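Structure at a glance
Spelled out from the first residue to the last, the chains are:
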Amino acid sequence: MRIVGLTGGIGSGKSTVSNLFKAHGIPVVDADVVARNVLKKGTGGWRKVVAAFGNEILLPSGEVDRPKLGQIVFNDPDKRQLLNREVYFLDVETVTKLLAPYISTGILLEVFKLWMKGCKTITLDVPLLFEANMDKWTKPIIVVWVDPQTQLERLMSRDGTTAEEANSRINAQMPLDLKKTKTDIVIDNSGSLDDLNKRFREALADVKRPLTWAEFGLCR
Ligand code: ATP
């Protein structure tokens, strides 16, 4: 089974590329979906957060109050805006430390289910692929890259945020240019959707190429 790693920066176009994989019949395991599930009431991740932050982190419904969690995590009111997305995006160190085992297990479970169904190639869409050391599981790794100005504009337009908020979210992540140096394939998504489609097809040809023995052993 081949597990392709898909990552990039916030708003760089991972979900858009992920949809292209699905359109080509390659299933995608979405780490954001797994990350949302591991914080659901009563799960191991939920218990971990409650143990770390106390009951005051919970909403009356018993679900984790994500904005509040972020407030505590950052202890910086200016960064609260970071919280209106998934907790998984918020603070790499804290969230990775607290929840990584649950997220990794959840992802592996999804991979296992697809393997049981006979899928030969699957894609892991993991925004924090490198930060969470999941890059070791995947070959090839694809980074969806976008130039900084376009990234900022797309983020502001998609989420209706100010430049300051968008920049703060971008800067909370590992620099996209650094991710670019750690990858096998870079898809430059600075152009139109037609350009992206073309680049995706080129990348797909590389994904379908047979693995060498070194790659087969995931030797890095
Ligand atoms: P996040 O990390 O926040 O989940 P993402 O990396 O998944 O973001 P997308 O949501 O796929 O990024 O893309 C960000 C925004 O940019 C979306 O509104 C998407 O429709 C738009 N977009 C992506 N690629 C292009 C493109 N080539 N041309 C124009 N708009 C694009």
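We now turn to the structure provided with this report. The model shown is predicted, which means the values in this text are computed figures rather than measured ones.

**Thoughts on the site of the ligand**
Near the ligand, the surroundings consist of 15 residues, among which Lys14, Ser15, Thr16, Arg154 and Arg158 are the closest. Put simply, the parts of the chain that give the shell around the ligand at least two residues each are helix H1 (14-23), helix H6 (148-159) and helix H9 (193-208). Examining the composition of the shell around the ligand, we find that 3 residues originate from one element, H1, more than from any other. Classifying every residue of the shell around the ligand by side-chain character gives 4 nonpolar, 8 polar and 3 charged.

**As for the nonpolar core**
Membership of the largest hydrophobic core comes to 39 residues, with the highest contact counts inside it found for Leu124 and Ile142. The element that contributes the greatest number of residues to this core is strand E4 (residues 141-145), accounting for 5 residues. Excluding residues within four positions of it along the chain, Leu124 makes contact with Ile3, Gly5, Leu6, Val29, Ala31, Ile107, Met134 and Thr138.

**A look at the pairing of E4**
Where burial is concerned, most of E4 is hidden: 5 out of the 5 residues are buried. As defined by bridge partners, strand E1 (residues 2-8) adjoins E4 across 4 bridges and the pair is classed as parallel. Counterpart to Gly5 in the pairing with E4 is Ile141. As paired elements, E4 and strand E5 (residues 185-188) share 4 bridges and run parallel to each other. Each bridged residue has a counterpart across the sheet, and for Val143 the counterpart in E5 is Val186.

**Quick word on the environment of Val144**
Along the chain, the position of Val144 falls in strand E4. Linking Val144 and Met134, residues 10 residues apart in sequence, is a C-alpha distance of 16 Å. With sequence-adjacent residues up to four places away left out, Val144 is seen in contact with Gly8, Ser12, Gly13, Lys14, Val17, Ile187 and Asn189.

**Details of the pairing of strand E3 (residues 121-125)**
Regular strands place side chains that alternate from one sheet face to the opposite one. A large share of E3 lies buried, amounting to 4 of its 5 residues. Two elements, E1 and E3, share 5 bridges in a ladder whose sense is parallel. In the strand pairing of E3, Arg2 is matched with Thr121. With 3 bridges connecting them, strand E2 (residues 28-30) and E3 associate as parallel partners. Among the inter-strand pairings, Asp30 is bridged to a residue of E3, identified as Asp125.

**Quick look at the sheet that holds E3**
What the 5 strands build is an open sheet, ordered E2-E3-E1-E4-E5; its pairing is parallel. In this open sheet, the two strands that pair with only one neighbour each are E2 and E5. For this sheet, the mean inter-axis angle between neighbouring strands, taken without regard to orientation, is 25°. Where helix H2 (residues 31-38) meets the sheet, its contacts fall on E2 and E3, and the angle it forms with E2 comes to roughly 40°. Helix-sheet contacts for H9 involve E1, E3, E4 and E5, and the interaxial angle to E5 is about 165°.

Cut-offs and rules
- Residue numbers run consecutively from 1 along every chain, following the written order of its sequence.
- Local features in a predicted model are, by the rule used here, given only for residues with pLDDT of at least 70; side-chain atom pairs are given and counted only at 80 or more, and totals for whole chains, interfaces and linings are based on all residues.
- In this text, near has one meaning. A residue is near a molecule or strand if its C-beta atom, placed using the backbone, is within 6 Å of it.
- Labels follow the DSSP assignment, with helices taken as runs of H or I lasting at least four residues and strands as runs of E lasting at least two, numbered in each case from the N terminus.
- Following the grouping adopted for this structure description, the nonpolar residues are Ala, Val, Leu, Ile, Met, Phe, Trp, Tyr, Cys and Pro, the charged ones are Asp, Glu, Lys and Arg, and the polar ones are all others, Gly among them.
- Here, a nonpolar core means buried Ala, Val, Leu, Ile, Met, Phe, Trp, Tyr and Cys residues linked by C-beta atoms lying within 7 Å of one another.
- Counting other C-beta atoms within 10 Å of each residue's C-beta, where C-beta atoms are placed from the backbone, gives the exposure class: buried for 20 or more, exposed for 12 or fewer, partly exposed between.
- Note on contacts: residues are paired as contacts if their backbone-placed C-beta atoms lie within 7 Å.
- One requirement defines pairing of two strands: DSSP has to find at least two bridges between them.
- Whenever a helix is involved, its axis is fitted only over the stretch in contact; in every case the axis is a line through C-alpha atoms, and angles between N-to-C directions fall within 0 to 180 degrees.

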